[in-house]
Amino acid sequence: MSDQFTEVTSKSWGSRILDSIRGILFGFILILASLILLWWNEGRAIHNENDLKDGSKSVVHLQNNIPLPENENKLVHIVGKVASIDTLKDPDFNIYTNAIALNRNVLFYQWEEKSEETTEKQLGGSEKTTTTYTYEKAWVSNKINSDKFKNKEGHINKSAYSFENKSYIAQNVNIDSFKLSTELINKLNNFELYTLDSNSANKAYKISANTIYIGSGNLENNPEIGDVKISFEVVYPSQMVSIISQQYNNTLVPFVGENGTTINELVFGEVSANEMFKMAISNNKILTWILRLVGLALCIASIFLLFNPLVVLGDVVPFIGSILSIGIGLVSTLLGLILSLITIAIAWLFYRPIISIILIAVSVLFFIFLISKRKPIKN
């Protein structure tokens, strides 16, 4: 079931010009933030890579998973089955199980508001915005405050229940003679659905399809606003894992490299130390490229903000404004790319000087090429 509500608003040309001028200040801030991000990312990438490569050379593989004095504070690699004697409890629903992690997942049946905007430029520089609000009933993970809805009539959310998502984590988890640190325990996230005992239902709730239902409606087929359904997921012991971490007494704790990189790897299954380091180095490269693209996108957006007042001025005639927007978008992309490459190259001067010099040369030649292609202005 869903319904809609439409609202039409307009913004004058003068208001848009003022907003675009304010955007210039934000554009300068955004440029600075993007360049700082790009600079920091290059340092982070090379530091992490160096520490991971050093770790791959110094790691000690343990055959019997026994903490020996000669391996104290060293980076070690172990393979084994995870065990725990802890019983995790959710007293609200009388659930007790021997597990490493137990999650309670709560869903509320609520009205949900979604909005979709379309903007149309008007002759004279003003802008008309049409916003369509759609209201649907859905199972959501948190209660929704319907007082903030654009159209509250007929879309009031309520719930008499205050259940929350909860996580229970075992404190005593080990592989043979080694105890796992909290950081490693949190990496054991191979959850599976916990099987509920249908006979444990009572007057307060019913159980169906491995889910607890609480409320006044026909909960499975025709729930009412405010009804709740709850399921559980669990991580059981006896799973085979491979770990690279630091031996500290009889506990595996995060290892910190010379450049400050934290090495604390856990993967499921029997995986060699060499393969684990290859995966860690690959993940570091992926993150590096993601952050580079984010920095580039921020740089391009910030440059566009600096020139956006020209677009708004041109919007007096929408067709002219659209052409200016495309042109400034292309210029912003080129300038953002050049500025980002130069920033990365200068950052590499501290880490990879030969490659950085090549990047700077390419950027300068690219800029000269663009200048040379400009058509001379005829008198």
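Everything numeric in this text was worked out from a predicted model, so none of it was measured. What you see as residue numbers is a count from 1 along each chain, following the sequence as written. The predicted origin of the model limits local features to residues at a pLDDT of at least 70 and limits the giving and counting of side-chain atom pairs to 80 or more, whereas totals for whole chains, interfaces and linings rest on all residues. Based on all heavy atoms of the structure, the side-chain values leave hydrogens and waters out of the count.

Undergrad: Please explain the packing of helix H1 (residues 13-58) against helix H3 (residues 273-314) as it appears in this structure.
TA: How two helices sit against one another is set out by the angle between their axes and by the gap between those axes. Relative orientation of the contacting elements H1 and H3 amounts to 165°, with a least axis distance of 7 Å. When the axes of H1 and H3 are compared, the pair comes out roughly antiparallel. Helix-helix and strand crossings are classified by hand; for H1 and H3 the assignment is left-handed. As a working rule, the residues Ala, Val, Leu, Ile, Met, Phe, Trp, Tyr, Cys and Pro are called nonpolar, Asp, Glu, Lys and Arg charged, and the rest polar, with Gly in that last group. For the contact of H1 with H3, the class distribution of residues is 29 nonpolar, 13 polar and 6 charged. Lines fitted to C-alpha atoms define the axes, with helix axes restricted to the stretch in contact, and inter-axis angles between N-to-C directions lie between 0 and 180 degrees. Going along the chain from the N terminus, every DSSP run of H or I of four or more residues is numbered as a helix, and every run of E of two or more is numbered as a strand. Angles below 35 degrees are treated as roughly parallel, those above 145 as roughly antiparallel, those between 65 and 115 as roughly perpendicular, and all remaining angles as oblique. Handedness of each helix crossing follows the sense of rotation of the near helix against the far helix: counterclockwise by less than a right angle gives left-handed, clockwise gives right-handed.

Undergrad: Would you mind showing me how to read H3 here?
TA: Within an α-helix, residues lying three or four positions from one another point in the same direction, as the helix has 3.6 residues per turn. One less than the residue count of a helix, multiplied by 1.5 Å, gives the span that helix is expected to have. Taking 1.5 Å of rise per residue, the 42 residues of H3 would be expected to cover 62 Å, and the 61 Å separating its terminal C-alpha atoms lies within 8% of that figure. What is called the bend at a residue is the angle between a pair of axes, fitted to the seven residues leading up to and ending at it and to the seven starting from it. Taking the largest bend as the criterion, H3 deviates by roughly 50°, centred on Phe-307, and proline Pro-309 comes between one and four positions later.

Undergrad: Whenever I open this one, the pattern of salt bridges confuses me. Can you help?
TA: Charged atoms that come close allow side chains of opposite charge to pair. Counted as salt bridges are all cases of a side-chain nitrogen of Lys or Arg within 4 Å of a carboxyl oxygen of Asp or Glu. Tallied over the full model, the rule gives 12 salt bridges. Put simply, Asp-19 and Lys-11 hold a salt bridge, and the shortest N to O gap is 2.9 Å. For the exposure calls, accessible area comes from a 1.4 Å probe over protein chains only, and a residue counts as buried if that area is under 20% of its type's maximum, exposed if over 50%, partly exposed in between. A relative accessible area of 36% places Lys-11 in the partly exposed class. Among the ionic pairs, Asp-315 bridges to Lys-121, the shortest N-O distance being 3.1 Å. Note that Asp-315 is positioned in the loop between H3 and helix H4 (318-348) and Lys-121 in strand S7 (residues 101-121), a separation of 194 residues in sequence.

Undergrad: Looking at this model, I keep getting lost on the side chain of Ser-242. Mind explaining?
TA: Secondary-structure assignment places Ser-242 in strand S16 (residues 240-248). Exposure remark for Ser-242: the relative accessible area of 0% places this residue in the buried category. N or O atoms closer than or at 3.5 Å make up a polar contact, with two conditions inside protein: a donor-capable atom paired with an acceptor-capable one, and, for residues adjacent in sequence, both atoms drawn from side chains. In terms of polar contacts, Ser-242 uses its side chain to reach the backbone amide nitrogen of Val-271, at 2.8 Å. The contact partners of Ser-242, leaving out residues within four places of it in the chain, are His-77, Ile-78, Val-79, Glu-265, Leu-266, Val-267, Gly-269, Glu-270, Val-271 and Met-276. Every residue pair with non-hydrogen atoms within 4.5 Å of one another is taken to be in contact.

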